[in-house]
There are 2 protein chains.
Amino acid sequence: MSVIVVGTMAYDAIETPFGKTSQIVGGSALYAAYAASNFIKPINQVSIVGYDFSKDEMAELKGRGVSLEGVEIVPDKKSFFWSGKYHLDMNTRDTLATDLNVLADFNPLLPDSYQDSEFLMLGNLMPAIQISVIEQLKMRPKLIVMDTMNFWIESALSDLQKVLTMVDVLMVNDSEGRQLSREFSLVKAAKAIMNMGPKYLIIKKGEHGALLFHKNEVFFAPALPLEDVFDPTGAGDTFAGGFIGHIARTKDISFQNMKTAIIVGSAMASFCVEKFGPLRLKEITKTDIDGRIKQFVDLVQFDIALV
Amino acid sequence: MSVIVVGTMAYDAIETPFGKTSQIVGGSALYAAYAASNFIKPINQVSIVGYDFSKDEMAELKGRGVSLEGVEIVPDKKSFFWSGKYHLDMNTRDTLATDLNVLADFNPLLPDSYQDSEFLMLGNLMPAIQISVIEQLKMRPKLIVMDTMNFWIESALSDLQKVLTMVDVLMVNDSEGRQLSREFSLVKAAKAIMNMGPKYLIIKKGEHGALLFHKNEVFFAPALPLEDVFDPTGAGDTFAGGFIGHIARTKDISFQNMKTAIIVGSAMASFCVEKFGPLRLKEITKTDIDGRIKQFVDLVQFDIALV
């Protein structure tokens, strides 16, 4: 019972209306691992870092049950670096710098010990790499979930279309869903995208929650209304980590259980935005998580008997 | 057991990406009455129309249990007229024409027969008129709900602040809530607005659903994901009508029942946008409404036992 998480481990420099960090750890696989490790061990991590990546961070991940056997350390290059500045509404941001560094050479080789993993979370990465990871697995995982972004829709559509035929669940945000499907209505977009391969589609709408589509069914999970969103960096990856973590823990890939997994993902994401980078994710306890999930229940539960 | 609905009865000319109407009936009190009349009779309507307002429409409203005793008919003026064109995203629109006509002289005199009404829905109108209606009531209703808009925040803030101290529930959309409170975070905006008077605040987010705030509690109702939004005109007023209709039918003004009322309002609004103007609202049956509410249950219900 284990899960493979593929994605970036990186340094970010973030500026929000609330403050500014110098370099802070980040990356899709780092956020996903911190979130998922609350629910399942081991996390079989697949990533690449440079000589500059913090040894303490590696030790902290290891201590949380994250296997680093699949994390390549390049001795003469720096880690992937991203820098961005959020606007006042926190929904939009400017990228100030993207230094690929080690990521330019990322060509992951899956360790043999990862072969028995039952679940696969493909974080946002070049589609060719996502395909390569799936093809290296001798046995197909029970569930393959992938994330992607507008950059790959624009620059690697053909590879993206191929990987879409190989996965079970796609996660995109609303603008990416519209771009990929060329439909404005999210209901129409969902139908078009599910016709491209994935049986399940999750459309993330940031502060407006997330939708899960499957055949003609739809489920909606709200985002928790927060007084302040301190730093949205990594919220989507944290959502993905919570989602796959819950699925892997319960080993239940039914639509009904995916609904619960999306609530778990939303709860984890609501922690993520409370502090810079992954700081809040490192602090929270099982009690915190249970309390937060209870808040989601209270947020949407109503008494239908009164209607 | 009755409800007073105050607001406009008007003609609209609407253009959406799907088509164009010539004059079609509309107005906040008309939409609210069509929605509320599914749940409660009589609706004690308070409005003003001109000589041109359709007699057939009046008869249709009467047939649905809407009392027109409080609807003034001005023999030598035309009805209020609004014309607008929606953008492709259906969330923004340009106003092409606003002809006040009879509305310029609106100074409603409450019929004696309305005095025993238990619930009051103040549709979007000049705050001074909203105050006047409340002051004409000899006994305070069990629940006073009001709507308003950016125009009154900008042009009649002092009157608006007065009426806010007199009502129980305020409904605004997200941008109006931010404008009124001068807070970007909706959670902070809600606290600031509840400090202005209303014990309950509903923030409508269009396709992103609605939030209900009360003290430190919050409830979220999603909007139903639809393939097409044909015409959003009147959706907010229809929501208000469904809300007050459910409250009046159940005579239960608890926070728990308001949650259900918001789901009922959201269900009614989801019908409204399916056709031009109030056309769809005139067609639907109890079975349609029950089926739609069931869709809302399916949309948000998840199995917490699995977490």
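Structure: above.
The rules behind these values
- Residues numbered from 1 in each chain as written.
- Chains lettered and ligands numbered in written order.
- Predicted model: local features only at pLDDT ≥ 70, side-chain atom pairs only at ≥ 80, totals over all residues.
- Heavy atoms only, no water.
- Helix = DSSP H or I, 4+ residues; strand = E, 2+ residues; numbered from the N terminus.
- Buried < 20%, exposed > 50% of the residue type's maximum accessible area, 1.4 Å probe, protein only.
- Contact = heavy atoms within 4.5 Å.
- Lys, Arg positive; Asp, Glu negative; His and termini not counted.
- Charge placed at Lys NZ, Arg CZ, Asp CG, Glu CD.
- Salt bridge = Lys/Arg side-chain N within 4 Å of Asp/Glu carboxyl O.
- Buried area = accessible area lost by both parts, 1.4 Å probe.
- Polar contact = N/O pair within 3.5 Å; in protein donor to acceptor, adjacent residues only side chain to side chain.
- Nonpolar A, V, L, I, M, F, W, Y, C, P; charged D, E, K, R; others polar.
- Pairing = 2+ DSSP bridges.
- Axes fitted to C-alpha atoms, helices over the stretch in contact; angles between N-to-C directions.

Concerning the overall build of chain A
Phase 1: Counting its secondary structure elements, chain A contains 11 helices and 14 strands.
Phase 2: Residues classed as buried in chain A amount to 60% of the 307 residues present.
Phase 3: Restricting the contact set of chain A to residue pairs at least 6 apart, pairs at least 24 apart contribute 65%.
Phase 4: Of the charged side chains in chain A, 30 are positive and 37 negative; the average position of the first set lies 4 Å away from that of the second.

Considering the pattern of salt bridges
Phase 1: A complete count under the given rule lists 37 salt bridges over all chains for this structure.
Phase 2: Note that Glu274(B) and Arg280(B) form a salt bridge whose closest N and O atoms lie 2.7 Å from each other.
Phase 3: Where salt bridges share partners, they join Glu274(A), Lys275(A), Arg280(A), Glu283(A) and Arg292(A) into one cluster.

As for the interface of chain A and chain B
Phase 1: Opposite the 40 residues of chain A that make contact, chain B presents 40 residues.
Phase 2: Between chain A and chain B, the buried area comes to about 3,600 Å², and carbon and sulfur atoms account for 63% of it.
Phase 3: Along the contact surface separating chain A from chain B lie four salt bridges.
Phase 4: Asp228(A) serves as the salt-bridge partner of Lys188(B), at 2.9 Å between the closest nitrogen and oxygen.
Phase 5: Our count for the contact surface shared by chain A and chain B stands at 14 residue pairs in polar contact (both at pLDDT 80 or more).
Phase 6: Here the element with the most residues in the side of chain A that touches chain B is helix H9 (residues 255-272) of chain A; it accounts for six residues.
Phase 7: For the side of chain A that touches chain B, the residue count by class is 20 nonpolar, eight polar and 12 charged.

Some words on the sheet that holds strand S6 (residues 66-74) of chain A
Residue and element names in this part refer to chain A.
Phase 1: In spatial order, the strands read S6-S5-S1-S9-S10-S11-S12-S13-S14; together these nine strands make up an open sheet with mixed pairing. Single-partner strands in this sheet number two, and they are S6 and strand S14 (217-221). Ignoring which end each strand starts from, the neighbouring axes of this sheet average 15° apart.
Phase 2: As paired strands, strand S11 (residues 169-173) and strand S12 (residues 200-204) are joined by five bridges and run parallel to one another. Paired with Asn-173 across the bridge in S12 is Lys-204.
Phase 3: Helix H2 (residues 55-63) rests against strand S5 (43-50) and S6 of the sheet, and its axis sits at about 155° to S6.
Phase 4: Against the sheet, helix H3 (residues 127-136) contacts strand S1 (3-6), strand S9 (119-122) and strand S10 (143-147), and its axis sits at roughly 165° relative to S9.

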